[in-house]
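So the chains spell out like this:
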Amino acid sequence: MTNIFDQFDAEPGAAVPGGNIFDQFDEPANPAARSGLALNSTAGLNSAIYNTAGLPVDLTRGAINLGISGINAATGADIRHLPSDGFMGSEWISNRMGDIHPVLDPANTEATTTGERIARGVGEGVGYTVAPQTAVGGLLRAGGGRAVESAARFIGQPGSLRAAGGEMLAGGSAGGGASLGMEVAPDRYDALAATAGGLAGGLLGTAIASAPAIGRAAREAFSDFTAPMRESGRQGIAARQLYDAATDPSAVRQMLDDGIDDLVPGSNPTTFQATGDLGLGGMERGAAARRPDLFAQRRAEQNSARLSHLGSIQENGAPEAVAKAVRDHLARIDDETQHALNAATQSARQSAGNVGSGLSPDAAGSNIRQALEAARAAAKDQERALWQAVDPDGSLALAARGTKQAARSIADDLPRSAKPMTGEEASIHGVLQHYDEVVPFGELTALQSRIKSELRAERLANGESPAYRRLTRLNRAIEGDLETAIAGKVAQEADAVARGVMDEQNTLLAKLRDEVFAFRDRRYAATGEVDGAGSRGPAIGRSSGISGAPRAEGETFGGFGSSPRDPRLSGDDLQPNFDEAALGRLREARHATRTRVETFDNKTLGPIRRRPSTTAPYDLPTGTVPERIFNASSSSPEAIRRFRNAVGDEQALPVIQEYAVDRLRAFAMDADGTLNPARVTAWRRRHQEALRSFPELDARLGDAARASEAIEQVGRTRKLRLDDARKGKLGALLNVDDPTDIVNTVGGVFGRSDSLQQMSRIRSAIGSDKEALEGLKKATVDYMTGRFVGNTEVATSGQAGIRSDQFQSFLKQSKQALRLAGFSADDVGRMQAIADDLSRANRSIAGVRIPGGSNTTQDMIAAGNRSVSNLGKLLSVAAAGVGSYVSGPLASMAGVMGGQAVSAMRQAGLHTVDDLIADAMLNPNVAKLLLSNVPSKPDHGVWKLMARHYSRASRVSATMGAEEGSPR
């Protein structure tokens, strides 16, 4: 649109009859048109730039107008299309640039000749090459998104001036070719001719632009072909192959620079084993397939070094010294424990002897009985003296009123129909009939003695019969007369004290009380006991509880038969004279009798000395006597107390203790002269009540039991130690003598779940025996050599190889056991070095092998094919052709032979390269040297360069063809 009236112009190709009234305002067509090659090339360049810059607006306008056309066609509407010179469209840009200067508007330049049209096409080609790249580059710098990045990959980005020059040359050639195609082709084929001509021109431009790179590529190809024929070339090829094969060349180079340590002296690793680079592993596999002898020799050297290293860990020592040390250990245990057992037995015997030898039941029974008889006789003598002192001259007399009254009352109360009194009872009552009011004291006590004897006989014969009850009443009456003998005098003195004519301290009651206290004090000082009541208070005014002296063993107590006394039972000259002193003597005598009965004639001690007569055998066998006193019943403590009270501790304790010891020895003594602790404990438990009376004896028994327990403990310890020494691998060593068997037995320790425990026991048994320690380590190394060295020879070394997996597993599981076997940390480290070396060497075997694949096929592929190459064959043919063209058949034959010679020389050089590669694979230092001087990789980018240039040219061709084919 050149002015505002152009909007009213008819559509192109539409005839308007009579014209348009606005045509008068049209400007003349291209009034400033120019021409020339330079202007047309510039116009073409500007046209391509403007079309590229306005492309977004033009595409948008075209799409909108296409939609409007569709709507008009479908609805019959007449919607106007958007004008072609819209804002920022290519035409708008061209017009605005023309406003700046007419030359800048392509429309102001005309191509009138073929050369000018070709020049204009060249300009457009250059513009369509540069403008899109510039636009995309600007958008990328502005932060374009993925769409812009995709466009950049298709269109390209601005590069160096050299690269941009090549691309502009290719684009310009394509543009010129497109214009030339349109010139020579009919107009209707302009679009196709433009595309074809652009492609042809672009090809030519691409070739011209890439000529320097093609030349360099040719020179490099020739150098590569001849490299195997030169020493430096062969080294370069080997270095290049080594570098290209490495998965991580930088890491490989760094490891080689740092140095590779020999884990085992003499076991030199290959480059792949040392670096672990899988790419080099594949290369080593190929080298080994081409030179198996070299790699087999390396495996043999490595295996020999490992075997030598393993053997050097323990070269000296005799395995049989281990078995000898273990047997010596068992002998020491046997001696030590037997000595301890003997000592414990001797100690237990001594403790058993300390308990005492004991006293047999018969001997103890005889001693007990004799002691009782002697003590009772002494008590009887004392008792007899006390009774004699009551009425020494037989002059005591007392009123018997109560006794006579009781006798009359008993006779009166006896029913006529009842059985009359007979025998001794009747005789007693007959005596009482002759009593007067006052009777001699001796007569009354004699009568009481008869009454008590009859009471015992009657109770024993008939129980508590009527006669027994009558005699009991009569005995109580006598007791009453004895108590009331001084009662009158006491009453008179009490009245005198009340009237103040008599001092209380001079009364009979006070004197009697003092006498009782004095008697009890004497008794307490002698026996530790008082009266039966256990108190020291006065007994005056109540029944004393003292019975008359019984007739024991045919005797008449009182002893009055030998004392002068009045034989008369009554008489006028008798007066009551039984005073407080007589009563005190009577009480003391009666107490002695009662004490003697309670002490010696009780149910415990009485049966011991019971017999029909003083000359007859005892009712109780002598051997059973001690058991009545010392036994396991709860009554034994009381029996022991009574026996001790009867005879005194000086006589009682020794005999009972000796009897107890005899019973214990009989129950718990073993044949070896020691006491069985379990039986001692059981015996003590059963007799614990009785033993409370003998704490010292019980303590000695406890000591003896503990001494015997010590025997059992020592015996158990002895058995445990001997059994422990005979079990497991330690026990197995006791039964072997052959060195091979000893080696296998020691080796059997490793791999067990309790290997540490078993090896600790062996080491403990060996102790500090240096020869045994050396033998143990030697046996272990021999076991490892025999167990982990197989039967298959390595190469032709004459030595079998170490089983890698088994050796490594053994070492992983047995390090602690090996340390216990006496190996130092350095020794175990040397074993670990062998395991690590085996693991590293295994890389060559399994590192790059495809699991489940064919090893043969993989090796063949890795080895490659070294037959004559196609390039060698082509060289022979080319040499033959040149020779034939120059000098005929002979020269052709010479050319063939020359080509083959060159090919053979190259092939020999490649074999030398293979040897270099093998050497580099076997020796990391060689690989290090090659990798330090790797030649640059041949530049094969000429074809990429040509492809890039031609892709730009093809887009130019397509664009210009599309412009010619689209409606203007």
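Residues numbered from 1 in each chain as written. Predicted model: local features only at pLDDT ≥ 70, side-chain atom pairs only at ≥ 80, totals over all residues. Heavy atoms only, no water.

Brief notes about the overall build of the chain
Link 1 in the chain: When helices and strands are counted, the chain shows 40 helices and four strands.
Link 2 in the chain: Across the 968 residues in the chain, those meeting the buried criterion constitute 41%.
Link 3 in the chain: In the chain, the share of contacts with a sequence separation of at least 24, taken over all contacts with a separation of at least 6, comes to 74%. (Helix = DSSP H or I, 4+ residues; strand = E, 2+ residues; numbered from the N terminus. Buried < 20%, exposed > 50% of the residue type's maximum accessible area, 1.4 Å probe, protein only. Contact = heavy atoms within 4.5 Å.)

As for the side chain of Glu284
Link 1 in the chain: Along the chain, Glu284 turns up in helix H12 (residues 278-290).
Link 2 in the chain: Of the side chains with opposite charge, Arg299 comes closest to the buried, unpaired Glu284, at an N-O distance of 7.2 Å.
Link 3 in the chain: Polar side-chain contacts of Glu284 include one of 2.5 Å to the side chain of Ser844.
Link 4 in the chain: Here Glu284 is in contact with Thr270, Phe272, Gln273, Phe295, Ser844 and Met921, once residues within four sequence places are set aside. (Lys, Arg positive; Asp, Glu negative; His and termini not counted. Salt bridge = Lys/Arg side-chain N within 4 Å of Asp/Glu carboxyl O. Polar contact = N/O pair within 3.5 Å; in protein donor to acceptor, adjacent residues only side chain to side chain.)

A short note on the environment of Ile742
Link 1 in the chain: You can see Ile742 is positioned in helix H30 (residues 739-747).
Link 2 in the chain: Ile742 sits in the buried class, given a relative accessible area of 0%.
Link 3 in the chain: Sequence separation between Ile742 and Val322 is 420 residues; the distance between their C-alpha atoms is 7.9 Å.

Quick look at unusual backbone geometry
Link 1 in the chain: Non-glycine residue Met88 carries a positive phi angle of around 65°.
Link 2 in the chain: Considering the arrangement of structural elements, one finds Met88 in the loop between helix H2 (55-75) and helix H3 (90-100).
Link 3 in the chain: Judged by relative accessible area, which is 34%, Met88 ranks as partly exposed.
Link 4 in the chain: Phi is positive for Ala795, which is not a glycine, with a value near 55°.
Link 5 in the chain: Take Ala795: it is sitting in the loop between strand E3 (789-793) and strand E4 (800-802).

Re the side chain of Asn475
Link 1 in the chain: For Asn475, the location among the structural elements is in helix H19 (residues 466-484).
Link 2 in the chain: Within polar-contact distance, the side chain of Asn475 engages the side chain of Gln448 at 3.1 Å.
Link 3 in the chain: The contacts of Asn475, once residues within four sequence positions are left out, are Gln448, Ile451, Lys452 and Leu455.

Describing the pattern of salt bridges
Link 1 in the chain: Tallied over the full model, the rule gives 34 salt bridges.
Link 2 in the chain: Note that Asp413 is salt-bridged to Arg473, the shortest N-O span being 3.6 Å. Here the residue Asp413 occupies a position in helix H16 (residues 401-413), and Arg473 occupies one in helix H19, the gap between them amounting to 60 residues.
Link 3 in the chain: Between Glu424 and Arg450 there is a salt bridge, with its nearest N and O atoms 2.6 Å apart. A residue pair is termed long-range when its members are at least 10 positions apart, and Glu424 in helix H17 (residues 423-432) and Arg450 in helix H18 (residues 441-462) qualify at 26 residues.
Link 4 in the chain: Glu424 sits in the partly exposed class, given a relative accessible area of 28%.
Link 5 in the chain: Take Arg450: its relative accessible area is 26%, and that puts it in the partly exposed class.
Link 6 in the chain: Among the charged side chains, a salt-bridge network with shared partners connects Glu373, Arg376, Arg596, Asp601 and Arg609.

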